[in-house]
Amino acid sequence: MSGHTTQVILRATPSVAYDYLTRPALWHEWHHSSLGAEPHAAESLRMGDAFREQIKSLGIRKELHWHVLKSDIAKEWLAEATMADGSHVRVHYQFAPAGAKTLFTRTLRYTLKPWSLKLLNLTVGWLKLRRDTQRALQKLQRHFEMAQPSSVVTSASQDH
């Protein structure tokens, strides 16, 4: 399983950040890989909810079938997706108070099934994913901070 963990300070309380980030239909506003999700995913989704999302990564369009596995309001949100090719994605959001702000931790883990995607990931995919994630979190930060300086911190794990 490959993955990447990134943290960012958001100028919002954990409950405000949680409410925004657990609405997958809004992910396209801050993450360019997301092309959109079903309309019902415009609400903050809870454990047991499911939705479909369209993405484009490395020029490849995919449909992800997501299931929310955990939703602890203002603390943690976990969802897992499957794709028609057998690949899996897991996203884990954690929200920690940081004064009047939030330390947001995003962990993405994925398993690719087709050998062509595995090879692409081993060569350039993991690096592009890291860069895209960094850019997405900076955009997310701007959403909350309205042109404040960036304070994105890359941390922890990088497996591939």
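Scroll up to find the structure this text is about.
Colleague: Sorry, what's going on with the pattern of salt bridges here?
Modeller: Should the charged atoms of two oppositely charged side chains come close, the side chains can pair. Per the stated rule, a full pass over the model turns up five salt bridges. Note that Arg 23 and Asp 19 form a salt bridge whose closest N and O atoms lie 3.0 Å from each other. Assessed through its relative accessible area of 33%, Asp 19 is described here as partly exposed. Here Glu 38 ties to Arg 52 by a salt bridge, and the two come within 2.8 Å at their closest N and O atoms.

Colleague: Mind showing me how you'd approach the nonpolar core here?
Modeller: Side chains that are nonpolar tend, in soluble globular proteins, to be buried together. Residues Leu 21, Trp 30, Trp 66, Trp 77, Tyr 93, Phe 104 and Leu 140 are the most contacted members of the largest nonpolar core, which totals 35 residues. Elements that contribute at least two residues to this core include exactly strand S1 (2-10), helix H1 (14-21), strand S3 (50-57), strand S4 (60-72), strand S5 (76-82), strand S6 (88-98), strand S7 (101-111) and helix H2 (115-145). Per-element tally for this core: the top contributor is H2, with six residues. Residues in contact with Leu 140, not counting those within four places in the same chain, are Leu 10, Tyr 20, Leu 21, Trp 30 and Phe 104.

Colleague: I'm lost on the packing of aromatic side chains in this one. Help?
Modeller: Remark: the centre distance and the inter-plane angle together describe each pair of aromatic rings, the angle taken between the planes. According to the stated counting rule, one finds eleven aromatic pairs in the structure shown. Judged by centre distance (5.6 Å) and plane angle (85°), the rings of Tyr 20 and Phe 144 are edge-to-face. Of this pair, Tyr 20 sits in helix H1 while Phe 144 sits in helix H2, and the two are 124 residues apart along the sequence. In this structure, Tyr 20 and Phe 144 share a single accessibility class: buried.

Colleague: Which parts of the structure should I look at to understand the pairing of S3?
Modeller: Taken residue by residue, a regular strand's side chains alternate between the two faces of the sheet. Sheet analysis places strand S2 (residues 34-37) next to S3, joined by three bridges and oriented antiparallel. Along S3, the bridge assignment pairs Ala 37 with Glu 53. Pairing analysis gives eight bridges linking S3 to S4, with the strands arranged antiparallel. Bridge pairing in S4 places Gln 54 opposite Glu 63. Where S3 hands over to S4, the hairpin turn is made up of two residues, of which Leu 58 adopts a positive phi near 55°.

Colleague: Any chance you could explain the side chain of Gln 141 here in plain terms?
Modeller: With respect to the secondary-structure elements, Gln 141 resides in helix H2. What makes Gln 141 buried here is its relative accessible area of 2%. Within the structure, the side chain of Gln 141 is placed 3.1 Å from the backbone oxygen of Ile 9, a separation counted as a polar contact.

Colleague: Would you mind going over the environment of Phe 104 with me for this structure?
Modeller: Topologically, Phe 104 is positioned in strand S7. C-alpha of Phe 104 to C-alpha of Ala 17: the two residues are 87 residues apart in sequence and 8.2 Å apart in space. The residues contacting Phe 104, other than those within four sequence positions of it, are Thr 6, Gln 7, Val 8, Leu 10, Leu 21, Tyr 93, Gln 94, Phe 95, Leu 137 and Leu 140.

Colleague: Looking at this structure, I do not really get the pairing of S7. What am I missing?
Modeller: Here S1 runs beside S7; their pairing, made up of nine bridges, is antiparallel. Pairing of Gln 7 across the sheet is with Thr 105, part of S7. Across eleven bridges, S6 lies against S7 in antiparallel orientation. Of the residues in S7, the one forming a bridge with Arg 90 is Arg 109.

Colleague: Quick question: what am I supposed to make of the environment of Arg 90 here?
Modeller: By secondary structure assignment, the location of Arg 90 is in strand S6. Overall, the relative accessible area of 31% leaves Arg 90 in the partly exposed class. C-alpha of Arg 90 to C-alpha of Tyr 110: the two residues are 20 residues apart in sequence and 6.1 Å apart in space. Of note is the side chain of Arg 90, whose polar atom sits 3.1 Å from the side chain of Glu 80.

How each quantity is defined
Residues numbered from 1 in each chain as written. Predicted model: local features only at pLDDT ≥ 70, side-chain atom pairs only at ≥ 80, totals over all residues. Heavy atoms only, no water. Salt bridge = Lys/Arg side-chain N within 4 Å of Asp/Glu carboxyl O. Buried < 20%, exposed > 50% of the residue type's maximum accessible area, 1.4 Å probe, protein only. Core = buried A, V, L, I, M, F, W, Y, C linked by side-chain atoms within 4.5 Å. Helix = DSSP H or I, 4+ residues; strand = E, 2+ residues; numbered from the N terminus. Contact = heavy atoms within 4.5 Å. Phe/Tyr/Trp six-rings, centres within 6.5 Å; stacked < 30°, edge-to-face > 60°. Pairing = 2+ DSSP bridges. Polar contact = N/O pair within 3.5 Å; in protein donor to acceptor, adjacent residues only side chain to side chain.

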